[in-house]
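Overview (structure and organization)
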Amino acid sequence: MKRTPLGICLLPALLAAFWLLSSQSKLRLNSASMSTPSSGAAASFAEDEAETRRTVFLLQYIGNDYGRAVRNGLVIDSLEYAEMQNFSRTLVESYRASSQSNKRTRAGLTQLEKHIAAKVELAVIRNLCAQLVGQVAQEKNLLIFPLATPDLNMGAQLFRENCVSCHGERGDGNGPTADTLNPKPRDLSAPAYLDFVTPFHIYQALTLGISGTAMPSFGEAFSSEQSWSVAFYVMTLRRGFAPLAPRIDVNFSLQQLAVQTNIELQRSLSRDAQASKLSTQQVVNTIDYYRSHLPQLSLAEHVMIAKTKWRQSLVCYQSGDSAQALAYLMEGYMEGFEPIEAFLANKVYLRVEKLVTEYRWCVEEKGSLDKAAAFIEEMIAVLDEILRNPRMLRA
C-alpha cells in the first residue's frame with residue numbers, strides 16, 4: 001500500500017493536539033455552567049474498570065492454578081482448593097452485584113463454581129476461564145493487549161531492577177530474599193507455569209499484585225507500557241527457551257501473543273497446513289522466536305483500540321462525565337485511528353474525522369445521549385467496514 005508523505009501523516013496529529021488543548025480550555029471556561037459530573041461519575045467509571053480487571057485476573061488465576069488444587073477428581077491441596085472455591089464464589093457474587101451484567105456471562109461464572117465443586121478436570125476449567133475472560137473483556141470494553149509493541153530490553157531492565165531480589169535473575173524464585181517469604185516467590189522459569197500462562201495474566205499480576213503473597217502491585221510504579229514490556233520479557237525466561245527463525249511465515253498477531261498460552265499457540269500451529277509438517281521441537285522453537293521477535297500492531301488491532309476507547313467515551317458521557325468522555329475520544333483517535341489514517345482512502349478518513357468532530361461538539365455542548373450514541377455507532381460501523389471492504393483502503 002502506498003503511504004502518504006510524512007507531512008500529511010503528521011498533520012492530523014498536530015490538529016488533534018490543538019483540538020485537545022482547545023477542548024480542555026473550553027471545558028475549563030464552561031465549567032461553571034456545566035452540570036458537574038459528579039466526581040462520582042468518574043470515580044464510578046474507574047471503580048467499574050478496576051472491578052472488571054479484578055474479575056479477569058481471578059479468572060486467569062483460577063485457570064492457571066486449579067491444577068495445583070485438584071488432580072484426577074481428587075483434592076491434592078486443601079488450601080489451594082479452598083482458594084479456588086472462594087474465588088469462584090466471589091466472582092459469581094460480585095458479577096451479580098455489578099450495574100451491568102450479561103446473562104451468558106452470569107451463567108458461565110455459575111457453571112465455573114459448579115465445576116470446581118465437582119472437581120472436574122483441569123482442561124475444562126482452563127477452557128471455561130479463557131472463554132469467560134474474552135466475554136468479560138468484550139462486554140466491559142477492556143483492552144487485553146498492549147497499545148504498542150512491548151520493548152523486551154526495557155522489560156529485562158525493569159525485571160533486574162524490581163524483581164530479581166525475590167524471583168532471582170533467571171526467574172527461578174531463588175532471589176536473595178526468597179527464603180524470607182511465605183509463600184516463596186513463584187518459579188517463573190518453570191515450563192509447567194510459563195507454557196500455561198499468558199503475558200496478559202502476568203501484566204495483570206504486575207498491575208494488581210497478588211493478595212496473600214509478597215507480590216506487590218506495580219500499578220502506580222510502572223506505566224502500562226512498562227508493565228507489558230516486563231510481562232512479555234518474563235515469557236522468555238522459560239527453561240529451555242530457544243528461539244529459532246521459522247521456515248514458514250506464521251504471522252502471529254500481537255494480540256494472539258498477549259492472550260494465548262504457548263500450548264494454545266502450539267494447537268493453533270498444528271491446524272496450519274505448513275506448520276503441521278514441523279516437529280514438536282520445531283513448533284516450540286518457532287513460538288519462542290515470536291515471543292522474542294514481537295510484531296507491530298496490525299490494522300485490526302488499531303481498529304479494536306479505537307472502537308474500545310470510543311465505546312468507553314460514550315459510557316462516560318452517558319454517566320455524566322464529559323471530561324473523561326473527551327479524554328477517551330482523544331485516546332481512541334491518537335492510539336487507534338491516527339496510526340492507520342495513512343492507509344485509508346481519503347473519503348474514509350475524512351468521514352471518520354467529521355464524525356469525531358461532530359461527536360466532540362455534541363459532548364461539549366451537552367447534546368442528547370441518543371445523538372451522541374448515534375455518532376459513536378456510525379464511527380464504529382465505519383471502522384468495522386474498513387476490515388471487511390478492501391475499497392476502504394488506499395490503493
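Our subject in this report is the structure included herewith.

Reading guide: rules and limits
Residues numbered from 1 in each chain as written. Predicted model: local features only at pLDDT ≥ 70, side-chain atom pairs only at ≥ 80, totals over all residues. Heavy atoms only, no water. Helix = DSSP H or I, 4+ residues; strand = E, 2+ residues; numbered from the N terminus. Buried < 20%, exposed > 50% of the residue type's maximum accessible area, 1.4 Å probe, protein only. Contact = heavy atoms within 4.5 Å. Areas by Shrake-Rupley, 256 points an atom, 1.4 Å probe, with all protein chains shown as cover. Core = buried A, V, L, I, M, F, W, Y, C linked by side-chain atoms within 4.5 Å. Polar contact = N/O pair within 3.5 Å; in protein donor to acceptor, adjacent residues only side chain to side chain. Phe/Tyr/Trp six-rings, centres within 6.5 Å; stacked < 30°, edge-to-face > 60°.

Before going further, it helps to spend a moment on the overall build of the protein chain. In terms of regular secondary structure, the protein chain is built from 17 helices and two strands. Burial statistics for the protein chain: of 395 residues in total, 46% are counted as buried. For the protein chain, restricting intrachain contacts to residue pairs at least 6 apart in sequence, the fraction spanning at least 24 positions comes to 70%. In the form shown here, the protein chain has an accessible surface area of approximately 19,800 Å², with 53% of it arising from carbon and sulfur atoms.

On to unusual backbone geometry. Put simply, Asn182 and Pro183 share a cis peptide bond, and its omega is 0 degrees. Mapped onto the fold, Pro183 is located in the loop between α7 (164-167) and α8 (191-194). Of note, Lys119 is a non-glycine position whose phi angle comes to about 55 degrees, a positive value. The residue Lys119 is located in the loop between α4 (103-117) and α5 (122-139) in this model. Of note, the phi angle at Lys366 is positive, near 60 degrees, even though the residue is not glycine. Among the structural elements, Lys366 can be located in the loop between α16 (346-364) and α17 (369-388). When its relative accessible area of 32% is taken as the criterion, Lys366 is described as partly exposed.

With that out of the way, let us pick up the nonpolar core. Of all hydrophobic cores here, the largest spans 72 residues; its most connected members are Leu59, Ile62, Leu112 and Ile202. Aside from chain neighbours lying at most four places away, what touches Ile62 is Met84, Phe87, Ser88, Leu91, Leu112, Ile116, Ile125 and Cys129. The next biggest cluster of nonpolar side chains, apart from the first, holds 33 residues, and it includes Ala325, Phe337, Met379 and Val382.

This part covers helix α6 (residues 152-162). Since there are 3.6 residues in each turn of an α-helix, residues three or four apart along the chain are aligned in direction. Buried within α6 are the following residues: Leu152, Gly155, Ala156, Leu158 and Phe159. In the core, the buried residues of α6 are packed alongside α7, α10 (224-234) and α13 (280-292). Measuring from the side-chain oxygen of the N-cap residue of α6 to the backbone nitrogen of Asn153 gives 3.0 Å; that N-cap residue is Asp151.

Scanning all chains against the criterion turns up twelve aromatic pairs. Consider the rings of Phe200 and Trp228, whose centres lie 6.1 Å apart with planes at 20 degrees: the pair is stacked. Here the residue Phe200 occupies a position in helix α9 (residues 199-208), and Trp228 occupies one in helix α10, the gap between them amounting to 28 residues. With respect to burial, Phe200 and Trp228 carry one shared label: buried. Measuring from ring centre to ring centre gives 6.0 Å for Trp228 and Phe232, while their planes differ by 45 degrees; the resulting arrangement is tilted. Of this pair, Trp228 and Phe232 both sit in helix α10, four residues apart, which is roughly one turn of that helix. Each member of the pair, Trp228 as well as Phe232, carries the same accessibility label: buried. Here the aromatic residues Phe200, Tyr203, Trp228 and Phe232 are joined through ring pairs into a cluster of three or more.

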